[in-house]
Amino acid sequence: MSQHVIERRFQFAMGHRVFQHESKCRHLHGHNYVLWAIARAAELDSLGRVIDFGVLKERIGSWLDAYWDHGFMLFARDEEALAAVAQVNATSKVYVLERNPTAENIAEHFVEDVAPRLMAGTAVRVIGCRLEETENCVAEYRLRD
């Protein structure tokens, strides 16, 4: 497998809450997230790239804009938060996750479930991501080789 790895930075704003959290994260709140997608290909293309950064922007950035940016990510079992968001605005963008939306779980979900669909039809695999919830709090998830 190639040692050529690229990273592309994406920004989005999203609300969530950590279901049953013992402190202030139990409340609905939001972050200006930064997601670094880490991609690899078995071989460089004819121009010497893993992939054009613009392709990553189109595939991943467009998806983030459509599903996560300026929306809420809520745990499927968090009936209280789901109801509260629906009561405030029935047309709110809500992404329901089968796991508690911690930074760690969001990063894993992106790499394992979202990215493979987004990169289908290319020779590129997203092998990990770094998700910055704040400047001080970062989660990283990488596929096993």
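How each quantity is defined
- Residues numbered from 1 in each chain as written.
- Predicted model: local features only at pLDDT ≥ 70, side-chain atom pairs only at ≥ 80, totals over all residues.
- Heavy atoms only, no water.
- Helix = DSSP H or I, 4+ residues; strand = E, 2+ residues; numbered from the N terminus.
- Rg over C-alpha atoms; globule rule 2.2 N^0.38 Å.
- Buried < 20%, exposed > 50% of the residue type's maximum accessible area, 1.4 Å probe, protein only.
- Areas by Shrake-Rupley, 256 points an atom, 1.4 Å probe, with all protein chains shown as cover.
- Pairing = 2+ DSSP bridges.
- Axes fitted to C-alpha atoms, helices over the stretch in contact; angles between N-to-C directions.
- Contact = heavy atoms within 4.5 Å.
- Core = buried A, V, L, I, M, F, W, Y, C linked by side-chain atoms within 4.5 Å.
- Salt bridge = Lys/Arg side-chain N within 4 Å of Asp/Glu carboxyl O.

What follows concerns the overall build of the protein. Broken down by element type, the protein carries three helices and six strands. Relative to the 2.2 N^0.38 estimate, which gives 15 Å for 145 residues, the radius of gyration of the protein is 16 Å and therefore close to what a compact globule would have. Seen through its principal axes, the protein has C-alpha atoms that stretch 50 × 30 × 25 Å. Scored against the burial criterion, the 145 residues of the protein give a buried share of 43%. For the protein, the exposed area adds up to about 8400 Å²; of that, 48% sits on carbon and sulfur atoms.

So, about the sheet that holds strand 5 (residues 124–132). Taken in spatial order, the six strands of this open sheet run 4-3-1-2-5-6, and their pairing is mixed. Two strands bound the open sheet, and with one partner strand each, they are strand 4 (94–97) and strand 6 (138–142). Between one strand and the next, the sheet's axes are offset by a mean angle of 35°, whatever the strand orientation. With five bridges joining them, strand 5 and strand 6 adopt antiparallel strand pairing. Opposite Arg 130, over in strand 6, you have Glu 140 as the bridge partner. Packed onto the sheet, helix 2 (residues 79–88) meets strand 3 (71–75) and strand 4 and runs at close to 155° relative to strand 3.

In terms of nonpolar packing, the biggest core is built from 35 residues, with Phe 12, Leu 35, Ile 60, Trp 68, Phe 110 and Leu 131 touching the most fellow members. Of all the secondary-structure elements, those providing two or more residues to this core are strand 1 (5–16), strand 2 (29–41), helix 1 (53–67), strand 4, helix 3 (103–118), strand 5 and strand 6. At eight residues, helix 3 tops the list of elements feeding residues into this core. If near-sequence neighbours (up to four positions away) are discounted, Leu 131 is found in contact with Phe 12, Tyr 33, Val 34, Leu 35, Ala 103, Ile 106, Ala 107, Cys 137, Val 138 and Ala 139.

Taken as a whole and assessed by the stated rule, the structure comprises eight salt bridges. Salt-bridge contacts for Glu 7 lead to Arg 130; the nearest nitrogen and oxygen are separated by 3.3 Å. With Glu 7 in strand 1 and Arg 130 in strand 5, this pair connects stretches of sequence that are 123 residues apart. Its relative accessible area of 31% is what places Glu 7 among the partly exposed residues. Across the pair Asp 45 and Arg 49 runs a salt bridge, and its minimum N-O distance is 2.9 Å.

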